[in-house]
Amino acid sequence: MFKLNMNNFFASGACAIFAIFLLAGQSARAQEVVVYSARIEQLIKPMFDAFTKETGIKVKYTTDNEGALLARLEAEGKNTPADMLITADAGNLWAAARAGLLKPVQSDVLEKNIPAHLQDPQNEWFGLSIRARTIIYNTNKVKPGELSTYEDLADPKWNKRLCLRTSKKVYNQSLVAMMIAEHGEAETEKIVKGWVANLATDPLSDDTRALEFVAAGKCDVTIVNTYYYGRLMQKDPKLPLAVFWPNQSQGGVHVNISGAGITRYGKHPQAAIQLLEFLSSDKAQNLFADVNMEYPANPNIKVDAFVASWGDFKQNPMNLAKAGELQTAAVKLMDRAGYR
Ligand code: FE
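Residues numbered from 1 in each chain as written. Predicted model: local features only at pLDDT ≥ 70, side-chain atom pairs only at ≥ 80, totals over all residues. Heavy atoms only, no water.

A. Up close: the overall build of the chain. Tallying secondary structure elements over the chain gives 15 helices and ten strands in all. Counting only C-alpha atoms and orienting by the principal axes, one finds that the chain spans roughly 95 × 40 × 30 Å. Counting all 340 residues of the chain, 52% fall into the buried class. Restricting to contacts in the chain with at least 6 residues of sequence separation, those with at least 24 account for 78%. Carbon together with sulfur atoms contributes 55% to the accessible area of the chain, which is approximately 15,400 Å² in total. The centroid of the 38 positive side-chain charges in the chain is displaced by 3 Å from the centroid of its 36 negative side-chain charges. (Helix = DSSP H or I, 4+ residues; strand = E, 2+ residues; numbered from the N terminus. Buried < 20%, exposed > 50% of the residue type's maximum accessible area, 1.4 Å probe, protein only. Contact = heavy atoms within 4.5 Å. Areas by Shrake-Rupley, 256 points an atom, 1.4 Å probe, with all protein chains shown as cover. Lys, Arg positive; Asp, Glu negative; His and termini not counted. Charge placed at Lys NZ, Arg CZ, Asp CG, Glu CD.)

B. Just the coordination of the iron ion, in detail. Distances from the iron ion to its protein donors, Tyr171 (OH), Tyr227 (OH) and Tyr228 (OH), fall within 2.0 to 2.2 Å. Note on Tyr171: relative accessible area 6%, which makes it buried. Overall, the relative accessible area of 1% leaves Tyr227 in the buried class. (Donors = N, O, S within 2.8 Å, 3.2 Å for Na, K, Ca; no water.)

C. Representation of the packing of aromatic side chains within the structure. Enumeration over the complete set of coordinates arrives at eight aromatic pairs. Between Trp245 and Phe313, the aromatic rings sit 4.1 Å apart at their centres with planes inclined by 20 degrees, giving stacked as the arrangement. Taken together, the residues span a long stretch of sequence, with Trp245 in the loop between strand 8 (241-244) and strand 9 (254-263) and Phe313 in the loop between helix 13 (305-308) and helix 14 (321-325) at a distance of 68 residues. Trp245 gets classed as buried once you look at its relative accessible area, which sits at 11%. Here the aromatic cluster, defined as three or more aromatic residues joined through ring pairs, consists of Tyr229, Phe306 and Trp310. Note that Lys169 overlies the ring of Tyr171, its terminal NZ or CZ placed 4.4 Å from the centroid. Its guanidinium or amino end placed over the ring of Phe213, Lys218 lies 4.4 Å from that ring's centre, counting from NZ or CZ. (Phe/Tyr/Trp six-rings, centres within 6.5 Å; stacked < 30°, edge-to-face > 60°. Lys NZ or Arg CZ within 6 Å of the ring centre and 35° of its normal.)

D. The nonpolar core, seen in detail. Core analysis: the largest hydrophobic core is formed by 81 residues, its most contacted members being Leu85, Trp125, Leu147, Leu153, Trp195 and Leu241. Broken down by element, this core gets its largest block of residues, eight residues, from helix 7 (residues 170-183). The residues touching Leu85, leaving out its near neighbours within four places in the chain, are Tyr36, Leu69, Leu70, Leu73, Leu93, Ala96, Leu102, Gly259, Ala260, Gly261 and Thr263. Core analysis: the next-biggest nonpolar cluster, separate from the first, contains 25 residues, Leu128, Ala260, Ile262 and Phe278 among them. (Core = buried A, V, L, I, M, F, W, Y, C linked by side-chain atoms within 4.5 Å.)

E. Representation of the state of the cysteines. Tallying each qualifying case throughout the model produces one disulfide. Here Cys163 pairs with Cys219 through a disulfide, and the sulfurs are 1.9 Å apart. Because the torsion about its S-S bond is -100 degrees, the bridge between Cys163 and Cys219 counts as left-handed. Here Cys163 is found in strand 6 (residues 162-163), whereas its partner Cys219 is found in the loop between helix 9 (207-215) and strand 7 (221-225), with 56 residues between them in sequence. (Disulfide = S-S within 2.5 Å.)

F. Fine view of empty space enclosed by the protein. Applying the stated criterion across every chain, the model contains one cavity of 30 Å³ or more. When its volume is computed, the largest cavity comes out at roughly 110 Å³. Lining the largest cavity are 14 residues; nearest its centre among them are Met178, Glu182, Gly252, His254 and Asn316. Counting only elements with at least two residues in the lining of the largest cavity, the list comes to helix 7 and strand 9. (1 Å grid on protein atoms, 1.4 Å probe; cavity = no way out; pocket = protein on both sides within 12 Å on 5 of 7 lines; lining within 4 Å. Points joined across faces, edges and corners; volume = space filled by probe spheres on them.)

G. Structural view of the packing of helix 7 against helix 15 (residues 327-336). Axis separation between helix 7 and helix 15 bottoms out at 8 Å; the angle between their running directions is 100 degrees. Between helix 7 and helix 15, the angle is such that the two are roughly perpendicular. Between helix 7 and helix 15, the contacting residues are Val170, Asn172, Gln173, Val176, Ala177 and Ile180 on the first element and Gln327, Ala329, Ala330, Val331, Leu333 and Met334 on the second. A class-by-class count of the residues in the contact of helix 7 with helix 15 yields nine nonpolar, three polar and no charged. (Axes fitted to C-alpha atoms, helices over the stretch in contact; angles between N-to-C directions. Parallel < 35°, antiparallel > 145°, perpendicular 65-115°, else oblique. Nonpolar A, V, L, I, M, F, W, Y, C, P; charged D, E, K, R; others polar.)

H. Layout of the confidence of the model for the chain. For the chain, the mean per-residue pLDDT works out to 93, and 91% of the residues sit at or above 70. Low pLDDT, under 50, characterises residues 1-29; the stretch is placed with three contacts to residues that sit more than four places away or in other chains. (pLDDT = per-residue confidence, 0-100.)

I. Region of the structure containing the environment of Thr263. With respect to the helices, strands and loops of the structure, Thr263 is situated in strand 9. For Thr263, a relative accessible area of 1% gives the class buried. Taking C-alpha positions, Thr263 is 25 Å from Lys169, a pair spaced 94 residues apart along the chain. Those residues in contact with Thr263 that lie beyond four places of it in its chain are Leu73, Ala82, Asp83, Met84, Leu85, Leu101, Leu102 and Lys103. A distance of 2.6 Å separates the side chain of Thr263 from the backbone oxygen of Ala82, its partner in a polar contact. (Polar contact = N/O pair within 3.5 Å; in protein donor to acceptor, adjacent residues only side chain to side chain.)

J. Representation of the domain arrangement of the chain within the structure. Domain boundaries in the chain define domain 1 (29-130 + 257-302) and domain 2 (131-254 + 320-336). Placing the centre of domain 1 and that of domain 2 at their C-alpha centroids yields a distance of 28 Å. Domain 1 puts 19 residues into the contact, and the matching count from domain 2 is 16 residues. Inspection of the domain 1/domain 2 interface yields one salt bridge. Between Arg131 and Glu294 there is a salt bridge; the shortest N-O distance is 3.1 Å. Summed over the shared surface of domain 1 and domain 2, the number is five residue pairs in polar contact (both at pLDDT 80 or more). Going through the elements one at a time, helix 5 (90-98), strand 5 (126-138) and strand 9 are the ones with two or more residues in the side of domain 1 that touches domain 2. (Domains from an automatic or database assignment. Salt bridge = Lys/Arg side-chain N within 4 Å of Asp/Glu carboxyl O.)

In structure tokens:
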């Protein structure tokens, strides 16, 4: 009796229409990915447009600062609409993973495209572009031969010659965290105290301001991400500034990443993985790095010509998960050392 009724039901036109609605609903859901991004719109939209063009999958995105996005993901919990989180540094991705907001992705494509030190050992996040934090000097006041390492900027010979961005910025927290991983806390604290003793001015609000101070001769040398240098030099190529790649016979240049992870509770996990793999592909890697004068995470991709003109460098191959693990220790250490 029941079976007969069900057969009637399945044979009915009403059922066919119902099934079509179901399928349409599913495919509409499958045809989009929702991204929370701490990378600003102009640095993500070109890649999303390319992805949509290739796959037909739409990308909806919200941009905000990293703290706000993490808080939002946490508050939304299982109800979050977000499938992917993009940040501009490894420490925040590590924190998101640690808070249980991301989930591991097993992908041969990502393993092939992204070097091991630029991805989470548990595969909860992946670097997509490299941001090199290097030394920039005033070419009228410093000969490159005087420079060697980040650590050497603690030497008294740099007294009143150093400018630094505030320790409140995650970029410097990651740098110091990676130094702790390399040298231990006691040695790193000595170095940071040496930096503070050498400061020509109070710590500055941002990397661009630090570069402007060096260009104006208020200090001789600073530590910044290279894309800030690139932006400034494009505006005014005559500025007396140049890149120095430190630690080339030691651990290498400190790098950070812009990267992404798949959220634990997103509603379109397959499409999100597809987008992440696309962002690691040849096609997207050039775009992803070039729009902000960064370096592609995928080492097989050629660097933008202007960026390449700053020269090749050896990057520190230590896994960036350390920047997250040791971030709290780094913040405390900088506080003890009087680095504001
Ligand atoms: Fe930045």
